[in-house]
Amino acid sequence: MQSHEDAPDTGTETLRELRPGLPGRTKIADGVVARIAGIGARQVAGVHSVGAGPARALGAFRGAAGTTDSTAGIRVDVGATQVAVDVSLVASYGVPLHSVANHVRKAIYQAVEDLVGLQVIEVNVDVTDVFIGAEGRLPA
Amino acid sequence: MTTPLNGHTRISTQALTSLAKAAAAQSLGVQPADVRIDWRDDGGLLALSVVAPMTIPDLNLVLRQGPSYPASQGSVLDMAVTAKAAIHHTVSSLSGSRLSRVDIRVSGARTSHGAKVQ
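Worth saying up front: this structure is predicted, and the values here are computed from it rather than measured.

Engineer: Can you lay out the interface of chain B and chain A for me, pointing to particular residues and giving the numbers?
Structural biologist: Contact with chain B, which involves 29 residues of that partner, is made by 27 residues of chain A. Taken together, the two surfaces of chain B and chain A that pack against each other cover about 2,300 Å², and 58% of this comes from carbon and sulfur. Inspection of the chain B/chain A interface yields 1 salt bridge. The partner of Asp126(A) in a salt bridge is Arg10(B), with the nearest N and O atoms 3.2 Å apart. Our count for the chain B to chain A interface comes out at 19 residue pairs in polar contact (both at pLDDT 80 or more).

Engineer: Give a description of the sheet that holds strand 2 (residues 36–42) of chain B that names residues and reports values.
Structural biologist: Residues and elements named next belong to chain B. The 3 strands are arranged 2-3-4 in an open sheet whose pairing can be described as mixed. Looking at strand neighbours, the two that pair on one side only are strand 2 and strand 4 (99–112), the edges of this open sheet. For this sheet, the mean angle separating the axes of adjacent strands, direction not counted, is 25 degrees. Here 7 bridges tie strand 2 to strand 3 (residues 45–57), and the two strands are oriented antiparallel to one another. Across the sheet, residue aspartate 42 finds its bridge partner in strand 3, namely leucine 45. In this fold helix 1 (residues 13–28) packs onto strand 2 and strand 3, with an angle of close to 30 degrees to the strand it touches most, strand 3. Helix 3 (residues 76–95) contacts strand 2, strand 3 and strand 4 of the sheet and is inclined by roughly 130 degrees relative to strand 4.

Engineer: Break down the confidence of the model for chain B for me, citing the residues and quoting the values.
Structural biologist: Residues with a pLDDT of 70 or more make up 86% of chain B, whose mean pLDDT is 86. Here the predicted complex scores 0.77 on pTM and 0.81 on ipTM.

Engineer: Please set out the pairing of strand 3 of chain B residue by residue, giving values where relevant.
Structural biologist: Residues and elements named next belong to chain B. Counting buried residues in strand 3 gives 11 out of 13 residues, a clear majority hidden from the surface. The pairing of strand 3 with strand 4 spans 12 bridges and is parallel. For proline 57, the partnering residue across the bridge sits in strand 4 and is serine 112.

Engineer: Could you give an account of helix 3 (residues 97–116) of chain A, naming the residues involved and the relevant values?
Structural biologist: All names here are of chain A. Compared with an ideal rise of 1.5 Å per residue, which puts 20 residues at 28 Å, helix 3 spans 27 Å between its outermost C-alpha atoms and is within 8% of the ideal. The set of residues buried in helix 3 consists of Leu97, Val100, Ala101, Val104, Arg105, Ala107, Ile108, Tyr109, Ala111, Val112, Glu113 and Val116. Looking one or two residues beyond helix 3, the residue adopting positive phi is glycine 117, at roughly 90 degrees.

Engineer: Requested: an account of the confidence of the model for chain A, with residues and values cited.
Structural biologist: If pLDDT is low for a region, its predicted coordinates should not be looked at in detail. In the predicted model, chain A carries a mean pLDDT of 79, and the fraction of residues at 70 or more is 66%. Predicted confidence is poor over residues 1–15 of chain A, with pLDDT under 50, and the contacts of this stretch with residues over four places away or in other chains come to 27 contacts.

Engineer: Run through the pattern of salt bridges, naming residues and quoting values.
Structural biologist: Per the counting criterion, the structure on display carries 6 salt bridges over all chains. The partner of Arg75(A) in a salt bridge is Asp86(A), and the shortest N-O contact between them spans 3.1 Å. With a gap of 11 residues between them, Arg75(A) in strand 2 (residues 74–78) and Asp86(A) in strand 3 (residues 82–92) connect regions that are remote in the sequence. Using a relative accessible area of 48% as the deciding quantity, one classes Arg75(A) as partly exposed. The residue Arg40(B) makes a salt bridge to Asp103(B) at a minimum N-O spacing of 2.8 Å. Note that Arg40(B) is positioned in strand 2 and Asp103(B) in strand 4, a separation of 63 residues in sequence. Salt bridges linked by common partners bring Arg75(A), Asp77(A) and Asp86(A) together as one network.

Engineer: Please give an account of the nonpolar core that cites residues and values.
Structural biologist: Nonpolar side chains tend to gather and get buried jointly when the protein is soluble and globular. Val33(A), Val83(A), Val104(A), Ile108(A), Leu48(B) and Val50(B) are the most contacted members of the largest nonpolar core, which has 61 residues in total. A per-element tally of this core places helix 3 of chain A first, with 10 residues. Once residues within four sequence positions are removed from consideration, Val83(A) is found in contact with Val33(A), Val76(A), Asp77(A), Val78(A), Val112(A), Leu118(A), Gln119(A), Val120(A), Ile121(A) and Glu122(A).

Analysis parameters
Residues numbered from 1 in each chain as written. Chains lettered and ligands numbered in written order. Predicted model: local features only at pLDDT ≥ 70, side-chain atom pairs only at ≥ 80, totals over all residues. Heavy atoms only, no water. Contact = heavy atoms within 4.5 Å. Buried area = accessible area lost by both parts, 1.4 Å probe. Salt bridge = Lys/Arg side-chain N within 4 Å of Asp/Glu carboxyl O. Polar contact = N/O pair within 3.5 Å; in protein donor to acceptor, adjacent residues only side chain to side chain. Pairing = 2+ DSSP bridges. Helix = DSSP H or I, 4+ residues; strand = E, 2+ residues; numbered from the N terminus. Axes fitted to C-alpha atoms, helices over the stretch in contact; angles between N-to-C directions. pLDDT = per-residue confidence, 0-100. Buried < 20%, exposed > 50% of the residue type's maximum accessible area, 1.4 Å probe, protein only. Expected span 1.5 Å × (residues − 1). Core = buried A, V, L, I, M, F, W, Y, C linked by side-chain atoms within 4.5 Å.

Rendered as structure tokens:
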């Protein structure tokens, strides 16, 4: 990675410079990192939904209402060159939870390092629930 | 990828409970909503108690076809013991938690008409 100059502290939207070679600075907001991490996590098999809470009914309801927030369940701590991600998710029944968590961790590392260019220092995964099936019925 | 992956994984009680519910329901042939799950501390290890009804074969069919009736998996007690081992195995392998014991209380019986088996 290139050398960096500390960005001014702008509160929640910590910004940084990524291309010191040319004049001008590139700033990436927390929300962008969170969104990219969320999209990466959702693509992992065995992840039912990303975001804490009783997703059984609420997830379907939110999905139907078309207001799925792709940063829900993702918290990022963005520093000058590094980022830490906390993600909470609901897993599908039938997959080992630790393997889902490891795949999510890998997907977020890859998505954030490739697409954002920040160094990921840790991804903490919180499995908040396991999705059994619609209305608590096992799929046949 | 060369970067080592850091960070911890937490599995909530709710997630463990849903997992155990589904595993128990599958093993006992009932729906997850019928299953009650309780976790206890067993000298530092995790003990699971399950209260659920279970599906038993139609006794008229068993009587007519004798003990060789394919749906018959032994007595209710035998079936519960088999289910107990299955629940232990499923919950341990899916959650990664080591269970010290699984206790089952059969709270009722549902009759199956053999359509699911054979």
